[in-house]
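Structure at a glance
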Amino acid sequence: MEHTTDKKSALSQGVIIFIYLAILTALEFGIAIALPNVVLLLLVAVIKAGLVAYYYMHIYRLAREDAGEDRDSYAYRLATNRLGLWLFLLSDSFVFGGLLISRINLLGLERPALNQYLGLFVTAVLLISSFSMNRAETSIEHGDKKNFLFWLGVTFVLGLGFVVGVVGGEWQLAKLEGVIASRDVVGGIFYMMTGMHAFHVTTGLIFIFLVWRNGRRGYFTAEKHWGVEAAAVYWHFVDVVWLGLFLFVYWL
Amino acid sequence: MKKFYSVPLARGLVWLTIGLAAGIAFVAGIRLALGLPAASNYLFTEHAWVFGGVVGTLAFLASHGVMSDWFKWWRGQETSDHHDDPAGWLKYLGPSLDHKVIGIQYTVAALILLVTGGTFALIFRTELSFEGQQFLQPGQYNTLMSLHGMIMIVSILLGIAGMMNYLVPLLIGAPDMAFPRLNAFSFWLVVPASVWLLLSMPLGGVEAGWTGYPPLSANPSIVGPQMFFLGVFVAGWSSILGALNLIATVVRMRSKGMTTFRVPIFVWAAIATSLISLTATQLIGLSFQMVMFQRLFGMGFFDPAKGGNPILFQHLFWFYSHPAVYLFILPGLGVISELLPVFVRKPLFGYKWVAMSSLGIALVGFLVWAHHMFTSGMNEYLRVPFMYSTLLVAVPTGVKFFSWVATLWKGKVDHPMSTAFLFVVGSIVVFLMGGLTGPPNATVSTNLHLHDTYWIVGHFHDTLFGGFVFPFFAALYYWFPKATGRRLDEKLGRWHFWLIFPSFVILTLGMMRIGLLGMRRRIFDYDPALGFQTWHIVLTVAAFLIAISVLIFIINLVQSVKRGESATGNLWNSRSPEWQVPSPMPAHNYETPFEVVGEPYDYGLPGSKYVEFVKK
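1. Quick word on the overall build of chain B
Helix and strand content of chain B: 21 helices and two strands. A compact globule built from 616 residues should have a C-alpha radius of gyration of about 25 Å, and chain B, at 24 Å, falls within 12% of that. By its C-alpha atoms, chain B is 80 × 65 × 45 Å across when sized along the principal axes. Buried residues in chain B amount to 55% of all 616 residues. Here the analysis covers contacts within chain B between residues at least 6 apart in sequence; of these, 80% occur between residues at least 24 apart.

Printed below as a string of structure tokens:
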């Protein structure tokens, strides 16, 4: 798929990617329930992560050489900021990598007793929030402040819904199922992984709130909106991490 | 009082205390309200201490002023990249954005921790000089020994960060680091980190060694390990953010013409180091966090009774902590390669190979961690692959030695040798001793015998002194005039070198000898029948001689800042850009930018040029 710059096709590209993600998630869920094949599940998760990283997080922008020579220009600093943010994400992904390895080391391929439908539901909420975040970012790229604020608000509400779903729903249900932090290592690793991710989502929500408030004051324009881009890339990163955790917590 | 409060560091520490108290009160209050016990042997339960530590860290950072620009951004305001620093030494206590000020802050903090950790070592070294118990309790011994390790590690992290912060922007011709606020933030994280590390002492101490292996570090009867883990966690973030900043700076802010293979060797070393600290540090953070949570919430990650696995901790821990030793030494080895050509007036032998060897050490370093675990009970089939990957590290390290020897070959050195050069040569010798004693530890058959003996202690002190401490001193003697416009005293410098070098060699050779004969590391006492008494006295005397030499250095440093011989020109006749402008360096670095027009280390080649300043 080509990268489009005009607003309408940029927005519809977001829709198409979202449909792909939804279909792949449904497929993944089907595989996980019907024929739990680890290799297939990993493959689908990697494809999903790749779609988000490329189309929603715009990783290709790192390689862009059009920032010019003027070190003090906004474009040059923007490119430096992007590199800094991606280095941070690289560093952060090692935390989750360590958690995934710990999970395999401690539990092997044993599947904890968790509510699969609630897991699918919170995953869907987070994926939709990634889609709305993409719409918000695309809107501000074209100077559409009204839609930008609207979709950013939607993202915030969905993100909040995700945290409530995990902490308020999944954690309480898991407790009833006997997955308890201090009882055994199954509970320990489940709360550690989901808790670490919920912490990241919470920081993302604070970030989105600050961007939304500054956006309402007219701080961002079509040309200068690094704050929005950073919040969006971070939010999609948290989403990608969940794609991995969803697989490792619920299905392996 | 008002004046005291206006000093950012003092204000931060006041709020750190308030934050600690508030956090403790909050958790203790909740526990009381829920009817849970709120008191322990150490006043409050560890939940309260840990939460207090987290709140105290945030309170320090928020009140100190290092985040004030970010607070403004969050309110939607723009800020300037240049803040006016207060005149004089007060700027070193505040949130300056200037990479040179931050570099000096790091360096001074590193020296303070070096002296602290060194004092701990002297205390327990004295205890060990005679058989039987002298004046320490076993618990105190363990605490001093554990904190000596971790405080020295933090000191090394600060020392390399100091060198990298001060030098890298100057060497690549950048006005500052890519993210100046983040740079200041990274440094100021270290203050709360050091406070928590030291606070672990009154809270029962740390008995598990610097590695903090559970189950010993999960012993719930003392609170100390929690503060130790918290301190390391915060210091780790300082290291991660500093590395992020450095990579972005080198990638984005090199001056014109500085292509991949015209970057100074020290910058290559800094990049290799930063790649390790950016990524692997997260794993030690995670492993320590998991022990903290095991203690706080009973999550049994490393508790076999709950299905946990203590070996997992060792894997996560060493995945950082082995690459970390390469992280400690790479900048030092970069300093050696940087300084040798200047002093012997010859091109650096094999520039590209040296540059790539730094990256090679960093990358192979990620594949060797389990060689610390040959006796730990991990799967036996893992031993041989990790043995070979470890031996592989000797190849890129050997490349560096070949380069140094070939660069020294037939070089002409000024007489008398300057202290900086003495330390360069000293580090090559000491690092060679450390390097040669490495392969016996990597080889499984000998490792099983050597594991946890004093031989290992001698080996890694050699690598860290040769790879960090000696080059760090060399760098201080070499670049001190750049920072201050004055030289360190050469006579005191020679005293410093000729005291520290022989005593250090005797110290580590002695450690290795009694280690081979069966002296265990980390123990409070030893069997008189082993006959180590004389050696332990020799080791203690050597340790005190090292301490005296460092004291001489500190006196030299303090004196020379004010009264040192003036040196504003190109003191070493170097080709490097920072020496082409007068010392001390002006606030915004180069007033006219430079362009790289030649190879960096073509010393002694007539007509060759490295940089050219662009006339405006």
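Moving on from the model shown.
2. Brief notes about the overall build of chain A
The helix and strand inventory of chain A stands at seven helices and zero strands. In chain A, the order of α-helices and β-strands from amino to carboxyl end is α-α-α-α-α-α-α. Summarising its shape, the C-alpha atoms of chain A cover approximately 55 × 35 × 30 Å along the three principal directions. When burial is assessed residue by residue, chain A has 40% of its 252 residues classed as buried. The contacts in chain A between residues at least 6 apart in sequence include a share of 76% that link residues at least 24 apart.

3. Here we look at the interface of chain B and chain A
Interface size is commonly expressed as the accessible area that is lost once the parts come together. With 28 residues of chain B at the contact, the number on the chain A side is 25 residues. Broken down by secondary-structure element, the contributors of at least two residues to the side of chain B that touches chain A are α9 (224-252), α10 (265-279), α11 (281-297) and α12 (310-344) of chain B. Partitioned by chemical class, the residues of the side of chain B that touches chain A number 18 nonpolar, eight polar and two charged.

4. With respect to unusual backbone geometry
All names here are of chain B. Of the consecutive residues Pro214 and Pro215, the connecting peptide bond is found in the cis state with omega at 10°. Relative to the helices and strands, Pro215 resides in the loop between α8 (190-199) and α9. In the Ramachandran plot, Asn589 falls in the positive-phi region, its phi being about 60° despite a non-glycine side chain. The residue Asn589 is located in the loop between α21 (533-563) and β1 (594-596) in this model.

5. Some thoughts on the packing of helix α6 (residues 138-172) of chain B against α9(B)
Residues and elements named next belong to chain B. Packing of α6 against α9 leaves a shortest axis separation of 11 Å and a crossing angle of 15°. Between α6 and α9, the interaxial angle falls into the category roughly parallel. The two elements α6 and α9 meet at a crossing, and its hand is left-handed. Within the contact between the two elements, α6 uses Met150, Val154, Leu157, Ala161, Met164, Val168, Pro169 and Ile172 and α9 uses Phe228, Val232, Ala235, Ser239, Gly242, Leu246, Thr249 and Val250. When grouped by side-chain class, the residues that make up the contact of α6 with α9 number 13 nonpolar, three polar and no charged.

6. A look at helix α5 (residues 99-128) of chain B
Here α5(B) spans 42 Å end to end across 30 residues, near enough to the 44 Å set by a 1.5 Å rise per residue. Judged by how many residues are buried, α5(B) sits mostly within the fold: 21 of 30 residues are covered.

7. Things to note about the environment of Phe190(A)
All names here are of chain A. With respect to the element layout, Phe190 can be found in helix α6 (residues 185-216). A residue is classified by how many C-beta atoms lie within 10 Å of it, and Phe190, with 24 of them, is buried. The spatial distance from the C-alpha of Phe190 to the C-alpha of Tyr250 is 9.3 Å, given a sequence separation of 60 residues. Beyond its immediate sequence surroundings of up to four residues, Phe190 is in contact with Pro112, Ala174, Val179 and Val249.

8. What about the packing of α5(B) against α21(B)?
Residue and element names in this part refer to chain B. For the pair α5 and α21, the least separation of the axes is 9 Å and the interaxial angle reads 160°. Relative to α21, the element α5 is oriented roughly antiparallel. Crossing hand, α5 versus α21: left-handed. Together, Gly118, Ala121, Leu122, Arg125, Thr126 and Leu128 of α5 and His536, Leu539, Thr540, Ala543, Phe544, Ala547 and Val550 of α21 make up the contact between the two elements.

9. Side note on the environment of Met387(B)
Residues and elements named next belong to chain B. Counting through the fold element by element, Met387 comes out in helix α14 (residues 383-392). Expressed as a C-alpha distance, the spacing of Met387 and Ile428, which sit 41 residues apart in the sequence, is 25 Å. With near-sequence residues (within four places) excluded, Met387 lies in contact with His371, Ala442, Thr443 and Val444.

10. Concerning the nonpolar core
If you look at the biggest cluster of nonpolar residues, it comprises 264 residues, and the most contacted ones within it are Val154(B), Leu339(B), Val424(B) and Ala474(B). Not counting residues up to four positions away in its chain, the partners in contact with Ala474(B) are Val335(B), Leu339(B), Ala420(B), Phe423(B), Val424(B) and Ser427(B).

11. Description of α8(B)
All names here are of chain B. In terms of residue burial, α8 counts as a mostly covered element, since nine of its 10 residues are buried. Taken residue by residue, α8 has Val190, Val191, Pro192, Ala193, Ser194, Val195, Trp196, Leu197 and Leu199 as its buried positions. Next to the buried residues of α8 lie α2 (8-33), α3 (46-64), α5, α6, α7 (180-188) and α9.

12. Thoughts on the confidence of the model for chain B
Looking at chain B as a whole, its pLDDT mean stands at 93, while 100% of the residues score no less than 70. As scored by the predictor, the complex reaches a pTM of 0.94 and an ipTM of 0.94.

Reading the values: the criteria
Residues numbered from 1 in each chain as written. Chains lettered and ligands numbered in written order. Predicted model: local features only at pLDDT ≥ 70, side-chain atom pairs only at ≥ 80, totals over all residues. Helix = DSSP H or I, 4+ residues; strand = E, 2+ residues; numbered from the N terminus. Rg over C-alpha atoms; globule rule 2.2 N^0.38 Å. Buried ≥ 20, exposed ≤ 12 C-beta atoms within 10 Å, placed from the backbone. Contact = placed C-beta atoms within 7 Å. Nonpolar A, V, L, I, M, F, W, Y, C, P; charged D, E, K, R; others polar. Axes fitted to C-alpha atoms, helices over the stretch in contact; angles between N-to-C directions. Parallel < 35°, antiparallel > 145°, perpendicular 65-115°, else oblique. Left-handed = near helix turned anticlockwise from the far one by under 90°. Expected span 1.5 Å × (residues − 1). Core = buried A, V, L, I, M, F, W, Y, C linked by C-beta atoms within 7 Å. pLDDT = per-residue confidence, 0-100.

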